[in-house]
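Next come the chains, spelled out residue by residue.
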Amino acid sequence: MRIFPKSLKGQLVVLAIAGLILAQAVGYVVIIRDQQSRMMKDWLSAIFARVETVADIVDTTPSQYHDTILKAANSPVVLFTIDDEAVARESAGDAELEPSGPREIFGNRAHKVVVAYYDPFRAEFRLGTLARGFQRVYERLHRAGGTKSASEYPVYAHISVPLEKGAWLNVAVRPRGAPTHAPTLFVQFVIMAAIGAFGIMFIMIRVVRPLKELADAATALGRREYTAKLEEKGPTEVLETIRAFNDMQDKLCTFMQERSKMLAALSHDLRTPITSLRLRAEFIEDDEMRRKILQTLAEMFQMTEAAIAYAKGGELEELEESRLVDVGALVSSVCADLADMGAPVECSDTPSFSLHCRAFALKRALRNIVVNAVAYGTHARVTTQLAGNEALIVVEDDGPGIPEDDMEKVFSPFVRLENSRNADTGGMGLGLAIARGIARFHGGDVILKNRPEGGLRVTIALPGASVIGKPSTAQLEPAKV
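Calculation notes
Residues numbered from 1 in each chain as written. Predicted model: local features only at pLDDT ≥ 70, side-chain atom pairs only at ≥ 80, totals over all residues. Heavy atoms only, no water. Helix = DSSP H or I, 4+ residues; strand = E, 2+ residues; numbered from the N terminus. Buried < 20%, exposed > 50% of the residue type's maximum accessible area, 1.4 Å probe, protein only. Contact = heavy atoms within 4.5 Å. Areas by Shrake-Rupley, 256 points an atom, 1.4 Å probe, with all protein chains shown as cover. Polar contact = N/O pair within 3.5 Å; in protein donor to acceptor, adjacent residues only side chain to side chain. Pairing = 2+ DSSP bridges. Axes fitted to C-alpha atoms, helices over the stretch in contact; angles between N-to-C directions. Core = buried A, V, L, I, M, F, W, Y, C linked by side-chain atoms within 4.5 Å. Patch = residues over 30% accessible without salt bridge, like charges linked within 9 Å, V, L, I, M, F, W, Y side chains within 5 Å. Salt bridge = Lys/Arg side-chain N within 4 Å of Asp/Glu carboxyl O. Left-handed = near helix turned anticlockwise from the far one by under 90°. Nonpolar A, V, L, I, M, F, W, Y, C, P; charged D, E, K, R; others polar.

> Explanation requested: the overall build of the protein in the structure shown.
What the protein contains, in helices and strands, is 11 helices and 12 strands. Within the protein, the fraction of its 481 residues that count as buried is 39%. Once local pairs closer than 6 in sequence are excluded, the contacts in the protein between residues at least 24 apart make up 70%. Surface summary for the protein: the accessible area is close to 27000 Å², and the carbon and sulfur share equals 59%.

Shown next as structure tokens:
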């Protein structure tokens, strides 16, 4: 399972929130430690002052009143007793725990006072009051009888104060039952982190949304779908990127249009001299010479016509609008048309799945590949399948195949492999070039592979397909150009 998100927005939000939480946590610890130190000093000072007051009263009153005094002085936090010996047994680490100052309250007998701190006090003093505070809040909320009484808590410390008559005033100190300030600070920390997180997400969305629009526009541009200029918004860096993309798209669109017009004009202008040469060739008396010249002129005319069709084809693809098409119905339509013309084409049952594409451009690509399969392989088999969200149209033949070194070469315009394909079958070597151009126009590709049993397998792979309920050919109407 991936925890760290892949998207830029997700990564920036996670990193920013992690930094915010870390900063808040450090600040929280610093505040807790500072307030805890002051709180412990004030708490011990109050306890010591109370103990000293009780000790002074006991020293100045007759012994018959001592029980009454102690009963009145006892509370859930402190329990007073008068004993012959000191209950507290001070250890070496107690001096490190106790803040400086509180013992001065005992005056002249401060050096004789024994204070023993036990494990609960050590843990709370060293680790802070957060856990203790939450424990008390939990107990207050879930105990039917209310908060646990202080007498049920363990003893934090014993204080033994020597009295003037030789006895010892022993005091057992327990924690207070009220919750500490730690949960309040923690809630404050959570609220601040949440507010900061929402602010960060808002900023990240503002930054990332223009980038997402830019990515979509770049993807469309790769399919030669020239979109309207993107709105220049967002931070300065993003705005400059969008502005550069808009300029690039304008220049690329202008270049493509000029190139297509130049090629079409050049091919068109060649028709006039070819026609003139045909007329002059008719006056040649040598029959064999006349036949060869006319054959050469016919080949030149086919090449110019193919060049014009190639140039105009790109323009038509750009003019045709993309729409949702049933790929199975489209493939069946192409196979049926070729079968009606007598071509040996076999089309298996095609599953129904939809694809957002230019339908007639895709039909043109598929027709070129199937015609090649029939011409060079005597028989064509067409199948379709859905691999994830990718539509695969597979055309197989029984021909000689293509050498591995020439797999890419055959996609170049006007290239024909005379040594592996029948030279008498016609064609100007534009079929595969047009097919791959259309496939890449849709974000896909045309893949060639020789079959182990002989023949060639041509796969048109197109991304963005999805399953649909039933075939529909209503969407294959001619595009308005």
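> I would appreciate a short explanation of the side chain of Arg 436 in the present structure.
Summarising the element assignment, Arg 436 is placed in helix 11 (residues 431-441). Polar contacts involving the side chain of Arg 436 include one to the main-chain carbonyl oxygen of Val 446, which spans 3.1 Å. Once residues within four sequence positions are removed from consideration, Arg 436 is found in contact with Glu 408, Phe 411, Asp 445 and Val 446.

> Could you clarify how one ought to interpret the pairing of strand 4 (residues 168-173) in this entry?
Within a regular strand, side chains alternate between the sheet's two faces. Where burial is concerned, most of strand 4 is hidden: 6 out of the 6 residues are buried. With burial as the criterion, each face of strand 4 is covered, one bearing Trp 168, Asn 170 and Ala 172 and the other bearing Leu 169, Val 171 and Val 173. Note: strand 1 (residues 78-83) against strand 4, 6 bridges, orientation antiparallel. Pairing of Val 78 across the sheet is with Val 173, part of strand 4. As defined by bridge partners, strand 3 (residues 157-162) adjoins strand 4 across 6 bridges and the pair is classed as antiparallel. Within strand 4, the residue paired with Ile 159 across the bridge is Val 171.

> Can you help me understand the sheet that holds strand 4 in this one?
Sheets are built from strands that pair by backbone hydrogen bonding, the pairs being arranged parallel or antiparallel. Reading across from one edge, 1-4-3-2 is the order of the 4 strands in this open sheet, with antiparallel pairing throughout. Two strands close off the open sheet at either side, each with one partner strand: strand 1 and strand 2 (114-117). With strand direction ignored, the average angle separating the axes of adjacent strands in the sheet is 15°. On the sheet, helix 2 (residues 66-73) packs against strand 1 and strand 4 and is oriented at approximately 160° with respect to strand 1.

> I keep staring at the nonpolar core and nothing clicks. Help me out?
Grouped burial of nonpolar side chains is what soluble globular proteins tend to show. Counting 41 residues, the largest nonpolar core has Leu 366, Ile 369, Val 370, Val 382, Val 446, Leu 448 and Ile 460 as its most contacted members. Considering every element that reaches this core, the biggest residue donor is helix 10 (residues 359-377), with 8 residues. In this structure, Phe 80, Tyr 117, Ala 157 and Val 171 belong to the second largest nonpolar core, which totals 28 residues.

> Explanation requested: a nonpolar patch on the surface in the structure shown.
Together, Leu 22, Val 26 and Val 30 make up a nonpolar patch on the protein surface, roughly 290 Å² of accessible area in all. By secondary structure assignment, the location of Val 30 is in helix 1 (residues 8-59). A relative accessible area of 52% means that Val 30 is categorised as exposed.

> Looking at this structure, how should I read the pairing of strand 8 (residues 380-387)?
The sheet contact formed by strand 6 (residues 345-347) and strand 8 spans 3 bridges and is parallel. Note on strand 8: the bridge partner recorded for Val 345 is Ala 380. For strand 8 and strand 9 (residues 390-397), the ladder comprises 8 bridges, and the chain directions are antiparallel. Bridge pairing in strand 9 places Ala 387 opposite Glu 390. In this structure, the hairpin formed by strand 8 and strand 9 is closed by a connection of 2 residues, where Gly 388 is found at a positive phi of approximately 70°.

> Got a minute to help me understand the sheet that holds strand 10 (residues 445-450) in this structure?
Spatial ordering of the open sheet is given by 6-8-9-11-10, a layout of 5 strands whose pairing is mixed. Strand pairing shows two members of the sheet lacking a second neighbour, strand 6 and strand 10, which therefore form its edges. Neighbour-to-neighbour, the strand axes of the sheet open up by a mean angle of 20°, direction not taken into account. Sheet topology note: the strand 9/strand 11 (residues 456-463) ladder contains 7 bridges and is antiparallel. When the bridges of strand 11 are listed, Glu 396 appears paired with Arg 457.

> Please clarify how unusual backbone geometry should be interpreted in this entry.
Comment: phi is negative for the bulk of residues other than glycine, and the bulk of peptide bonds are trans. Positioned with a positive phi, Thr 378 is a non-glycine residue whose angle comes to about 70°. Looking at the secondary structure, you find Thr 378 in the loop between helix 10 and strand 8. A residue is classified by how much of its surface remains accessible, and Thr 378, at 58% relative accessible area, is exposed.

> What's the story with the pattern of salt bridges in this structure? I'm lost.
It is possible for side chains bearing opposite charge to pair when their charged atoms get close. Enumeration over the complete set of coordinates arrives at 20 salt bridges. Between Asp 445 and Arg 436 there is a salt bridge, with its nearest N and O atoms 3.1 Å apart. Given a relative accessible area of 9%, Arg 436 falls into the buried group. Here Asp 445 falls in the partly exposed class, since its relative accessible area comes to 22%. Bridged by salt links that share partners, the residues Arg 381, Glu 396, Asp 398, Arg 451, Glu 453 and Arg 457 form one connected network.

> How should helix 11 be read in this particular structure?
Two residues of an α-helix separated by three or four positions point the same way, owing to the 3.6 residues in each turn. Of all 11 residues that make up helix 11, 8 are buried, and the element is covered over most of its length. Restricting attention to buried positions, one finds in helix 11 the residues Leu 432, Ala 433, Ile 434, Ala 435, Arg 436, Ile 438, Ala 439 and Phe 441. Directly after helix 11, the chain includes Gly 443, whose backbone phi takes a positive value near 85°.

> Looking at this model, I keep getting lost on the environment of Arg 278. Mind explaining?
Along the chain, Arg 278 turns up in helix 7 (residues 236-281). Sequence separation of Arg 278 and Gln 295 is 17 residues, and the distance between their C-alpha atoms is 9.8 Å. Ignoring anything within four residues of it in the chain, the contact list for Arg 278 reads Leu 294, Leu 297, Ala 298 and Phe 301.

> Looking at this structure, how should I read the packing of helix 10 against helix 11?
Two elements in contact, helix 10 and helix 11, have axes whose closest approach is 9 Å; the angle formed by their N-to-C orientations is 145°. For the crossing formed where helix 10 meets helix 11, the hand is left-handed. Mapping the contact onto sequence places Ala 361, Leu 362, Arg 364, Ala 365, Asn 368, Ile 369 and Asn 372 in helix 10 and Gly 431, Leu 432, Ile 434, Ala 435 and Ile 438 in helix 11. Residue composition of the contact of helix 10 with helix 11, grouped by class: 8 nonpolar, 3 polar and 1 charged.

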